Every structure is written in structure tokens, then in C-alpha cells.
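Spelled out, the chains give:
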Amino acid sequence: MMGPQHALSGAATWLAGSWVAAQFFDYPQSATTIAVGAAVCAGGALLPDLDMSGKVTKGQGGSTVSRSFGVASLFVAEVIEKISVGVYTATKLSKDPDRHNGHRTLTHTLPFAALMGFGSIWLCTRYGRWAVIGILFFMFGFALRGLFDKWADRAGWVIVTLTSGAAAYFAFNFLPSENRGYPMIGLAVGVGCIVHLMGDIVTRAGVPILWPIPTGRRMWRMIGLPDTFAIEAGSKVETTVLRTVFTVISLVAGAGLLAPALLKRFDIEV
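What comes next concerns the included structure. (Residues numbered from 1 in each chain as written. Predicted model: local features only at pLDDT ≥ 70, side-chain atom pairs only at ≥ 80, totals over all residues. Heavy atoms only, no water.)

1. Some thoughts on a nonpolar patch on the surface
So, point 1. Taken together, the side chains of Phe148, Trp151, Trp157, Val158, Ile159 and Leu162 define a hydrophobic patch exposed on the protein surface, amounting to about 590 Å² of accessible area.
So, point 2. When residues of the nonpolar patch are assigned to their parent elements, the largest contribution, four residues, is made by helix H7 (residues 157-174).
So, point 3. Here Ile159 is to be found in helix H7.
So, point 4. Judged by its relative accessible area of 37%, Ile159 is partly exposed. (Patch = residues over 30% accessible without salt bridge, like charges linked within 9 Å, V, L, I, M, F, W, Y side chains within 5 Å. Areas by Shrake-Rupley, 256 points an atom, 1.4 Å probe, with all protein chains shown as cover. Salt bridge = Lys/Arg side-chain N within 4 Å of Asp/Glu carboxyl O. Helix = DSSP H or I, 4+ residues; strand = E, 2+ residues; numbered from the N terminus. Buried < 20%, exposed > 50% of the residue type's maximum accessible area, 1.4 Å probe, protein only.)

2. Focus on the packing of helix H1 (residues 3-24) against helix H2 (residues 31-44)
So, point 1. Close contact between H1 and H2 brings their axes to 7 Å; oriented N to C, the two are set at 145°. For the crossing formed where H1 meets H2, the hand is right-handed. Judged by residue contacts, Ala7, Gly10, Ala11, Trp14 and Leu15 of H1 engage Ile34, Gly37, Ala38, Cys41 and Ala42 from H2.
So, point 2. In terms of residue class, the contact of H1 with H2 is built from eight nonpolar, two polar and no charged. (Axes fitted to C-alpha atoms, helices over the stretch in contact; angles between N-to-C directions. Left-handed = near helix turned anticlockwise from the far one by under 90°. Contact = heavy atoms within 4.5 Å. Nonpolar A, V, L, I, M, F, W, Y, C, P; charged D, E, K, R; others polar.)

3. Overview of the packing of helix H5 (residues 129-147) against helix H8 (residues 182-201)
So, point 1. Interhelical geometry of H5 versus H8 gives an angle of 30° and a closest axis separation of 11 Å. With respect to each other, H5 and H8 are oriented roughly parallel. In the packing of H5 onto H8, the handedness of the crossing is left-handed. On the side of H5, the interface is formed by Arg129, Val132, Ile135, Leu136 and Met139, while H8 contributes Tyr182, Ile185 and Val189. (Parallel < 35°, antiparallel > 145°, perpendicular 65-115°, else oblique.)

4. Topic: the packing of aromatic side chains
So, point 1. Scanning the entire structure with this criterion turns up nine aromatic pairs.
So, point 2. Between the aromatic rings of Tyr169 and Phe170, the centroid separation amounts to 5.6 Å while the plane-to-plane angle is 80°, which identifies the pairing as edge-to-face.
So, point 3. One aromatic cluster is present, formed by Phe69, Phe137, Phe138 and Phe142 through successive ring pairs.
So, point 4. Above the ring of Tyr88, the side-chain terminus of Arg99 is found at 5.6 Å from the ring centroid. (Phe/Tyr/Trp six-rings, centres within 6.5 Å; stacked < 30°, edge-to-face > 60°. Lys NZ or Arg CZ within 6 Å of the ring centre and 35° of its normal.)

5. So, the environment of Gly70
So, point 1. Mapping Gly70 onto the fold places it in the loop between strand E2 (60-61) and helix H3 (71-91).
So, point 2. Assessed through its relative accessible area of 9%, Gly70 is described here as buried.
So, point 3. Placed 47 residues apart in sequence, Gly70 and Gly117 show a C-alpha to C-alpha distance of 25 Å.

6. Things to note about unusual backbone geometry
So, point 1. The step from Trp211 to Pro212 runs through a cis peptide bond, and the omega angle for that step is 10°.
So, point 2. As for its placement among the helices and strands, Pro212 is situated in the loop between H8 and helix H9 (236-265).
So, point 3. Phi is positive for Asp26, close to 50°, though the residue is something other than glycine.
So, point 4. Inspection of the secondary structure assignment puts Asp26 in the loop between H1 and H2.
So, point 5. Even without being glycine, Arg104 reaches a positive phi, approximately 60°.
So, point 6. For Arg104, a relative accessible area of 11% puts it in the buried group.

In C-alpha cells:
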């Protein structure tokens, strides 16, 4: 699945989850918390693709998320890709094919999603304000690159970086004072990563969702839909059908979350 659809699926999942939590588990959230969570989840849904590098010195190529902060993020993607292929090579079993790149390996696993989620909570709890702002900065930048891909391409990485920094700073100041939403931030990052894996599972290439459990002398078995049902990345089904579905889910969930507050504001009883 391509970057914009990954980001949109993350936002849709968080909004839908927030609506379910409020509706059936009596867990209301402020509008700010919901908006920040949706943005962080959208950014987290792009995070696994930081294993796809491009032309670092030219600032070209790579995945959507790799281009978020220009040459700096492309360099990080290059490092992560090399680490990923190194881990793959060191742990592969006899039936695993040789690989020369690390895309859809280490960062496309459940342990990675858990590490990102719990790691974010630990950083925020341990280091406080600047850790929170830092995580929000990166997640907001990824979300902007994914959700507003055409605008981000036109604006360039400098504008994306400045916008992300300003948004992260102001978002922190509006988050609930108790713990500044640390668990929510970590949960949103982790859920975003998992949503990414689910998005790639419906494509032909699949992801090593079972890693590190060996199956049939393979450590890195790619799990995906059969070719008959699989979605081709970048196809009309993805860019039109899935994008529409994710947009509708976001709008319906957002309306469901906003309606009670509006009804209460205007003193309307249902």
C-alpha cells in the first residue's frame, strides 16, 4: 500500500476506535486529544516504511515517509534499511531467499510495532516535555507527508519541518495536564504501525507478520492475500476504493465524536 493510504488508514482507525471507546466503554476524550491521537496514528502508520531508502545525496526517491524531512530522513531511512537487511541476513533460515535490501523485513513486524509503542511511552515518561514534543514533531511530519502528500511535495521539506515543529509545540500545550497523554501517544504510535502491517498484508508481497517464529525452515515468511484477492500497490482499487472507504470511516467517526458536544452546546436533547 502507498504512503497516503497508509496514513489515512491510521487516522481512520484512531477516529473509529475513539468513537467505539466513547460509545461503548464510556471513555470520552477531548477534541484536542482525539485530533492529536489521529495525527500521531497517521504518522505511525507510515513509520515502518522508513526501511525504504532512496538517493540520499540527491534528496530523491525512497518511501513517502523517507522524504518527510529531506536529506536527513532519507539518511535515517538508509541506516534503517541497512540494519534491517543485516538482521534479515543474520537470522534467515535455509528456506529464506537471499535479499539485497531490507524493505518489508524488520520494521514490518509486530515486535517493531510494540517497540515503537512502548518505547514512545517510556521516552515520554522518562524525559517529559521535550520527548513528547519530539515524538509529536516526527509523527506530525510523517502525517503531513502522508495525508497531504500533494501539498507536501509542493511546499517542500523545510515547510513540512517548520509546520511539524509548530504543531508539536502547540499540541503539547493543549494536551491534558495529567501525564500529558503519554499512554495515548505511545498507543497511537503502536496502533499506527500495526495498521501499516494490516495494509501491506492485503497486497501481493505481504509482510513477515509471524517473525520471529520460524515456520517450515523459514524465519521471514511473507504473509499476504492470495494473488486472486490481493491488492496491487498503487492500483485504482487502492487509490480510489480504499481511499474512499478510509475517508468515509474518518468522516462518520468524526461526526459521531463531535455530535454529542454540539448537541450539548445548543441544548438539544435526543
